[in-house]
Amino acid sequence: MDKEYILKHKNIPVLLFKLNEDFELLEITTILDEKRLPFGLKYAGKKEAQFKQLSDWIENRGLPRSRSDLANIEYDFNVKNSIQLTFGSYALNLADHYWVHKSDINLKWENVNFFSNNFKEVVSFDILGVFEKNREILVAPDLTVDGSLRKKWIINNNERLLLKGSRYDEMQEPFNELIASKIMDLFEIEHVKYGLVRNESNNMPLSVCKCMVDIDTEIVTAQVVLDTELKENRNEYDRFINICNKKGIKDVKENIDNMIIIDFLIGNTDRHTSNFGIIRNSETLEWLKVAPIFDNGNSFHQNTNTINNIEDNVDTLCRWFPRGNYEKLQYIDNPKCFSNEKIDCISNIVYDNLCNNENVKEDKKNKLVSIVKKRINLLKEIIEKK
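The rules behind the values
Residues numbered from 1 in each chain as written. Predicted model: local features only at pLDDT ≥ 70, side-chain atom pairs only at ≥ 80, totals over all residues. Heavy atoms only, no water. Buried < 20%, exposed > 50% of the residue type's maximum accessible area, 1.4 Å probe, protein only. Helix = DSSP H or I, 4+ residues; strand = E, 2+ residues; numbered from the N terminus. Arc of directions from axis to C-beta. Axes fitted to C-alpha atoms, helices over the stretch in contact; angles between N-to-C directions. Parallel < 35°, antiparallel > 145°, perpendicular 65-115°, else oblique. Left-handed = near helix turned anticlockwise from the far one by under 90°. Contact = heavy atoms within 4.5 Å. Nonpolar A, V, L, I, M, F, W, Y, C, P; charged D, E, K, R; others polar. Expected span 1.5 Å × (residues − 1).

(A) Broad picture of helix H2 (residues 70-77). Those residues of H2 that fall on the buried side of the exposure criterion are Leu-70, Ile-73, Glu-74, Asp-76 and Phe-77. Take H2 and look down its axis: the buried residues cluster within an arc of 160 degrees, on one side only. The exposed set on the far side of H2, more than 90 degrees from its buried face, consists of Ala-71 and Tyr-75. Immediately beyond the C-terminal end of H2, within one or two residues, lies Asn-78, with a positive phi of roughly 55 degrees.

(B) Representation of the packing of helix H5 (residues 173-186) against helix H11 (residues 346-354) within the structure. The geometry of H5 relative to H11 is characterised by a closest axis approach of 10 Å and an angle of 150 degrees between their N-to-C directions. As far as their axial angle goes, H11 and H5 are roughly antiparallel. As for how H5 packs across H11, the hand of that crossing is right-handed. Contacts between H5 and H11 involve Phe-175, Asn-176, Leu-178, Ile-179, Lys-182, Ile-183 and Leu-186 from the first element and Ile-346, Ile-349, Val-350, Asn-353 and Leu-354 from the second. Looking at the contact of H5 with H11 residue by residue, the classes come out as 9 nonpolar, 2 polar and 1 charged.

(C) Inspection of H5 at higher detail. With 14 residues, H5 extends 20 Å between its outermost C-alpha atoms, agreeing within 8% with the 20 Å of an ideal straight helix rising 1.5 Å per residue. Looking at the buried side of H5, the elements it contacts are strand S8 (159-164), strand S9 (194-198), strand S10 (205-210), helix H8 (252-266) and H11. Positive backbone phi, approximately 55 degrees, marks Glu-188, located one or two places after H5.

(D) The arrangement of unusual backbone geometry in detail. Cis geometry marks the peptide bond from Phe-321 to Pro-322, where omega comes out at -25 degrees. Among the structural elements, Pro-322 can be located in the loop between strand S13 (287-290) and helix H9 (325-328). Unusually for a residue other than glycine, Leu-285 sits at a positive phi of about 65 degrees. Topologically, Leu-285 is positioned in the loop between strand S12 (277-281) and S13. Unlike most non-glycine residues, Phe-300 shows phi in positive territory, near 50 degrees. Structurally, Phe-300 can be placed in the loop between S13 and H9.

This is the structure we're talking about:
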């Protein structure tokens, strides 16, 4: 049977829509507050285009199809798909303040949100699934977090912390997050600070970080930023900076340039328009600042365990225009924080922290350090020319 839902931003009704029994979007019934839609307004007033935008938002709201343990989680909860899990948790998450519920019931944001209410821990790093099988769907952020890695939200001393694992035998991603975090500490670049912990039962390495937003602020992804206006004959780099400048955010270019340089140095292959963006006030909708840099684990050839498969190439391809991390360096100005003295410390940070990963062989560590040193020299040359 078709059901009508209401999408809200905190307690503010945004739109009404209907889903069929397979949780597929049937129609947008009414748009109640266009300026608070969870997607860009470039198609304002165009019903078919906005239907596609909402359908994509619903599809991407929960666990992605690329998630390594998705099939196990769906089996454990006996659901048709991950969207059913998403709506079982009211589509709440710990990134923004949007949520949904059936239109014929009365619920308040303050009683259900994950920022001020306790929640269940669902995902386990001990097994490839959840703690208990065949139970009712829980309201939990573990069921609405994006990304391909197994992830788990916990509460520790009233702080929301995100734990992330790895997809590969060398379990390198958590160490890469730590390395990138230490490099940005060195240059005093604003970023989400990552630490490293071990799962108690099996010693699996996990990255850990605090939630970057709170009850008053939320992240707006770069894709939503870019979708606030129709695409012009400009690249996404210039468009993003221009849109943010018009919204009053300061130091946009400096912050994006810093991200480009870090991605080049670590060989990040997974930068895309959903893992950078801006922070805004969810009450006033004021754009406050560029979001701190986060999500750097897919780097340093994390998916390659033999040096024969590691090309001796300083460049890597990511998922944001232009694809080459080295190619993006053409856009940067003279970065203020990247002094030669500090740049020379990077290779030691990389090697020392990889040494704490018992799964990475010595020849791979040396190969990676060699590539990093080449990137450092190239960066020095570019900075000198700038």
